[in-house]
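Topology and contacts: notes
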Amino acid sequence: MSTDVGAAEGTEARELVHFVTQQTRFTLLNNILQHPDQLPSMYELEQLNPSISDATVYKHIQKLIDAGIVEEAALPDNERRQGYPWKFYGVSDDGREFLDEHNLLEAEETLQRIYETISDKPEKMIKYENAPRPR
């Protein structure tokens, strides 16, 4: 499978759609898209998926990064605050284009509305949600 999103055509595009829609990876993509800033920290992704081990969440995010669908965004050193996350994960521009071309973004608005209804978030997650994000 090609990891260059821009080069994905025909068979490669089908393989990448299959790769992206694997249950855990697709869940993580949905978590990213539903996040208020579309840039959750690893902790937030782990909290949204209590039935998935932290190591598995990390592994699948890394696979999505390697495929060019997700990218890591980090706060500059001078903007980092102790006790807050500084690494975040968002859909890359190429990833967004690929997902849109294959009709995988149609539920984005609905996902965001669902996220707003989550009422039992731990205090640390609320703190992390409100942490500064890269611009």
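For the structure given in this document, a descriptive report is provided here. (Residues numbered from 1 in each chain as written. Predicted model: local features only at pLDDT ≥ 70, side-chain atom pairs only at ≥ 80, totals over all residues. Heavy atoms only, no water.)

Turning to the nonpolar core, a few remarks are in order. One finds V20, L29, I61, I69 and L99 to be the most contacted residues of the largest nonpolar core, which totals 24 residues. In terms of nonpolar packing, the next biggest core, distinct from the first, is built from five residues, L48, Y115, M125 and Y128 among them. (Core = buried A, V, L, I, M, F, W, Y, C linked by side-chain atoms within 4.5 Å. Buried < 20%, exposed > 50% of the residue type's maximum accessible area, 1.4 Å probe, protein only.)

This next bit is on the pattern of salt bridges. Going through the model one piece at a time under the given rule, you end up with five salt bridges. For the salt bridge of D77 with R80, the shortest nitrogen-to-oxygen distance reads 3.0 Å. (Salt bridge = Lys/Arg side-chain N within 4 Å of Asp/Glu carboxyl O.)

For residues besides glycine, phi is generally negative; the peptide bonds are generally trans as well. Of note, Q38 is a non-glycine position whose phi angle comes to about 55°, a positive value. Relative to the helices and strands, Q38 is located in the loop between α2 (23-34) and α3 (42-48). Despite not being glycine, N103 shows a phi value in the positive range, around 55°. If you trace the backbone, N103 turns up in the loop between α5 (93-101) and α6 (108-116). (Helix = DSSP H or I, 4+ residues; strand = E, 2+ residues; numbered from the N terminus.)

Here the focus is α5. Three or more residues of α5 are buried, namely G95, F98 and L99. Looking straight down α5, one finds its buried side chains confined to an arc of 95°; they lie on one side. In α5, those exposed residues whose orientation departs by more than 90 degrees from the buried face are D93 and E101. Where α5 is buried, its residues contact α1 (11-20), α2 and β2 (87-91). Following α5 by one or two positions, N103 has its phi on the positive side, about 55°. (Arc of directions from axis to C-beta. Contact = heavy atoms within 4.5 Å.)

Helix-helix packing is described using two parameters, namely the angle between the two axes and the distance between the axes. Relative orientation of the contacting elements α2 and α6 amounts to 75°, with a least axis distance of 8 Å. Of the possible angle classes, the one that applies to α2 and α6 is roughly perpendicular. Contact residues: N30, L33 and Q34 in α2; E108, L111, Q112, I114 and Y115 in α6. For the contact of α2 with α6, a count of residues per class yields four nonpolar, three polar and one charged. (Axes fitted to C-alpha atoms, helices over the stretch in contact; angles between N-to-C directions. Parallel < 35°, antiparallel > 145°, perpendicular 65-115°, else oblique. Nonpolar A, V, L, I, M, F, W, Y, C, P; charged D, E, K, R; others polar.)

By the definition in use, this model includes one aromatic pair. For the cation-ring pair, K127 lies above Y84, with the distance from its terminal atom to the ring centre recorded as 4.7 Å. (Phe/Tyr/Trp six-rings, centres within 6.5 Å; stacked < 30°, edge-to-face > 60°. Lys NZ or Arg CZ within 6 Å of the ring centre and 35° of its normal.)

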